[in-house]
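Observations on the model geometry
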Amino acid sequence: MPPKRSALLAVSLAGLVATSAVLAPARPTPAAAPPIQLVETVPVESDLGNPALPAAAQVWVEMIDGAKRSVDLEHFYLSHWPGEPTGPVLDALGRAAKRGVRVRLMLDARMHDTYPQPTDSLGGLPGVQVRLLDMRKVSGGGVQHAKYFVVDGEQVFVGSQNLDWRALKHIHELGVRARDARIAGLFTRVFESDWQVATPVRGAAPETPAAAGPATLPPLPIRLVQTPGDTVAVWPSFSPRGHIPDASLWDLDAIVRLLDGARSEAVVQLLTYGLGRANERDSTLDEALRRAAGRGVRVRLIVSDWEADNARIGDLQRLSLVPNLEVKLSTVPEWSGGYIPFARVDHCKYLVVDTLWTWVGTSNWEPDYFYTSRNAALTLRNRPLARQARAIFETGWRSPTAQPLRAHEKYPPKVHRETPPPGKTVYGK
């Protein structure tokens, strides 16, 4: 979700380690948390999501505050607004650096031009290193679109949440917290590879040598005991092809395998869907969805109403004509506190198959996310986790703000304004 330049949102982080605003309203976290947890952001003033899941704003602070040695973050961009949930997260990073934890942050080079001030302010703190990754140097195109961080080489968070105040309060998001050194080790391997070709920001602190990720893959799947008698099997996956720890871990292949194995049902929620542009078109996912529907699997997709922005909506409309396949466009109502640019949207990226398999990732379902952009995901085989994710989908599917896609209608564009629509004010002004 690439926002435009906005002086409104690119604010200074002076006083970063001072006490920040109170976190978003509490959501329950189990006393003895299992090794794999789904973690959600539900937009305030909406009825979306699964209230049984912990909130990302709380989980992120907890993970960072628990760090003893290192916090490595690879994100698309950083955007902060005073008094919003990124404040406690950034404060936690400042506290970690102050107690001797090595903090490294890597962002997309081109998006840094959109939000330079928060990044540069954070990079000026002692003990914090910031680098910018230009994926054109790695894959010849695309962006650094992954959204994950690794703590102490022992646990990882990956999901749709950008390092953005809106992603912790005003956007519907889904991620996974994984407490396992083998999973974290694979993400560390990707991080270290990207870190070596990334460029330090101006005025960056001296480099701290870091240990490389594991030289060999752990046996997959990685099996973890959630509770007595309940085991989850985990498969990490990454993009772009050719720049991942092993060819068997390509994210696009992981999704296709799930769809091709579906027996009764597949539900998907995404920000965008399409086959790509001009000579970059690729029908791999489209064909997998059609194959599933063709053998009698009930396939349903919720895609954000931001799809109306692009001609790719034609790809989605043609897909919706397939028997056994339904598509709805979701809308998140505006917030009562004011208009927020590039917010109030379903930004989740997940797939649930047969209420047993769950894929949660950072990729929108368009070709460049898999072929040229850095992305990451986890596939989980566990029925209770799949039920939790499917509950999110069913709530969204039943919402009155989710409407069936009309295959032959010309939709007006969803306008993303830096200035408010007539009669409205931008939040924060």
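Before going into details, it helps to say that this report is about the structure given with it. (Residues numbered from 1 in each chain as written. Predicted model: local features only at pLDDT ≥ 70, side-chain atom pairs only at ≥ 80, totals over all residues. Heavy atoms only, no water.)

1. Digging into the sheet that holds strand 15 (residues 325-330)
Convention followed: At least two DSSP bridges between two strands are required for those strands to pair. Numbering of helices and strands runs from the N terminus; a helix is a DSSP stretch of H or I covering at least four residues, while a strand is a stretch of E covering at least two. Only C-alpha atoms enter the line fits that serve as axes; for helices the fit covers just the stretch in contact. Angles between N-to-C directions range over 0 to 180 degrees. Note on contacts: a residue pair is in contact if any heavy atoms of the two residues lie within 4.5 Å.
Overall, mixed pairing links the nine strands, which are arranged 11-12-18-17-16-13-14-15-19 in an open sheet. Sheet topology places strand 11 (222-227) and strand 19 (402-404) at the edges, where each strand pairs with a single neighbour. Neighbouring strand axes in the sheet, compared pairwise and without regard to direction, differ in orientation by 20 degrees on average. As judged from the three bridges shared by strand 15 and strand 19, these two strands associate in the antiparallel manner. Residue pairing for strand 19: Leu329 is matched across the bridge by Gln403. This element, helix 8 (residues 284-294), spans strand 14 (298-304) and strand 15 of the sheet and lies at about 145 degrees to strand 14. Along the sheet face, helix 11 (residues 383-398) touches strand 11, strand 12 (230-239), strand 13 (265-270), strand 14, strand 15, strand 16 (350-353), strand 17 (357-361), strand 18 (375-381) and strand 19 and points at about 65 degrees away from the line of strand 14.

2. Considerations on the pattern of salt bridges
Pairing is possible between side chains that carry opposite charge, provided their charged atoms lie close to one another. To keep things clear, this is the line we draw: When a carboxyl oxygen of Asp or Glu lies within 4 Å of a side-chain nitrogen of Lys or Arg, that pair is called a salt bridge.
Tallied over the full model, the rule gives 24 salt bridges. Ionic pairing is found between Arg182 and Asp180, a salt bridge with its closest N-O pair at 3.0 Å. Close ionic contact of Asp315 with Arg318 constitutes a salt bridge, the shortest N to O distance being 2.7 Å. Pair noted here: Asp315 and Arg318 are both in helix 9 (residues 313-320), with a separation of three residues, about one helical turn. What emerges from the salt-bridge pattern is a single network uniting Asp72, Arg102, Arg104 and Glu192.

3. Here's the deal with a positive patch on the surface
The condition that has to hold: Think of a patch as exposed residues, more than 30% relative accessible area, with no salt bridge, where like charges cluster within 9 Å and nonpolar side chains (Val, Leu, Ile, Met, Phe, Trp, Tyr) cluster within 5 Å. Where accessible areas are quoted, they stem from the Shrake-Rupley method and a 1.4 Å probe; at the residue level, only the protein chains shown are allowed to cover. The charge count includes Lys and Arg as positive and Asp and Glu as negative, but it does not include His or the ends of the chains. All charge positions are set by atom: Lys at NZ, Arg at CZ, Asp at CG, Glu at CD. Here the term buried applies to any residue with accessible area under 20% of the maximum for its type, exposed to any over 50%, and partly exposed to those in between, with areas from a 1.4 Å probe on protein chains only.
Among the surface-exposed residues, Arg223, Arg381, Arg383 and Arg387 lie close enough to one another that they form a single positively charged patch. Position of Arg381 among the secondary structure elements: in strand 18. On the accessibility criterion, Arg381 (38% relative accessible area) is partly exposed.

4. Considering the packing of helix 7 (residues 251-261) against helix 8
For clarity, the cut-off: In what follows, roughly perpendicular refers to angles from 65 to 115 degrees, roughly parallel to angles under 35, roughly antiparallel to angles over 145, and oblique to any angle outside these ranges. Classification convention: Asp, Glu, Lys, Arg as charged; Ala, Val, Leu, Ile, Met, Phe, Trp, Tyr, Cys, Pro as nonpolar; all other residues, Gly among them, as polar.
It is the contact of helix 7 with helix 8, at a shortest axis distance of 9 Å, that shows an interaxial angle of 10 degrees. With respect to helix 8, the element helix 7 is oriented roughly parallel. In this structure, helix 7 uses Leu252, Ile255, Val256, Leu259 and Asp260 to contact helix 8, whose residues at the interface are Thr284, Leu285, Ala288, Leu289, Arg291 and Ala292. Grouping the constituent residues of the contact of helix 7 with helix 8 by class yields eight nonpolar, one polar and two charged.

5. A closer look at the sheet that holds strand 9 (residues 173-179)
Pairing is mixed across the open sheet formed by eight strands, whose spatial order is 1-9-7-6-2-4-5-10. Edge positions in the sheet fall to strand 1 (36-41) and strand 10 (199-200), since each of these pairs with one other strand and no more. Pairing geometry for strand 2 (residues 70-75) and strand 4 (residues 102-108), over six bridges, is parallel. Within the sheet, the bridge partner assigned to Ser70 lies in strand 4 and is Arg102. Against the sheet, helix 4 (residues 116-123) contacts strand 4 and strand 5 (128-133), and its axis sits at roughly 140 degrees relative to strand 5.

6. Here's the deal with the packing of helix 8 against helix 9
For clarity, the threshold we go by: By convention the crossing between two helices is left-handed if the near helix lies anticlockwise of the far one by an angle smaller than a right angle, and right-handed if it lies clockwise.
Where helix 8 contacts helix 9, the axes come no closer than 11 Å and their chain directions differ by 15 degrees. It follows from the interaxial angle that helix 8 and helix 9 lie roughly parallel. In this structure, helix 8 crosses over helix 9, and the sense of that crossing is right-handed. Contacts from Asp286, Leu289 and Arg290 in helix 8 reach Asp315, Arg318 and Leu319 in helix 9. Here the residues of the contact of helix 8 with helix 9 sort into two nonpolar, no polar and four charged.

7. With respect to the side chain of Ser330
Following the sequence through the fold, Ser330 ends up in strand 15. Accessibility expressed as a relative area gives 5% for Ser330, which makes it buried. Ser330 has contacts with Ile302, Val303, Ser304, Asp305, Asp346, Thr401 and Ala402, leaving out every residue within four places of it along the chain.

8. A word on the packing of aromatic side chains
Rule in force here: Two rings belonging to Phe, Tyr or Trp (six-membered ring only in the last case) form a pair when the distance between their centres is within 6.5 Å. Interplanar angles under 30 degrees mark stacking, angles over 60 mark edge-to-face geometry, and anything in between is tilted. Should the NZ of a Lys or the CZ of an Arg lie within 6 Å of a ring centre and within 35 degrees of the ring normal, that charge is described as sitting over the ring.
Enumeration according to the criterion identifies 12 aromatic pairs in this entry. Seen in terms of ring centroids, Trp235 and Trp357 are 5.4 Å apart; in terms of plane orientation they differ by 40 degrees. Their pairing is tilted. Placement of the pair is Trp235 in strand 12 and Trp357 in strand 17, with a sequence separation of 122 residues. Taking the relative accessible area as the measure of exposure, Trp235 reaches 24% and is therefore partly exposed. A network of ring pairs unites the aromatic residues Trp60, Phe149 and Phe157 as a single cluster. The side chain of Arg300 reaches across the aromatic face of Trp397, ending 5.1 Å from its centre.

Without other data, these values stay purely geometric and don't point to any function.
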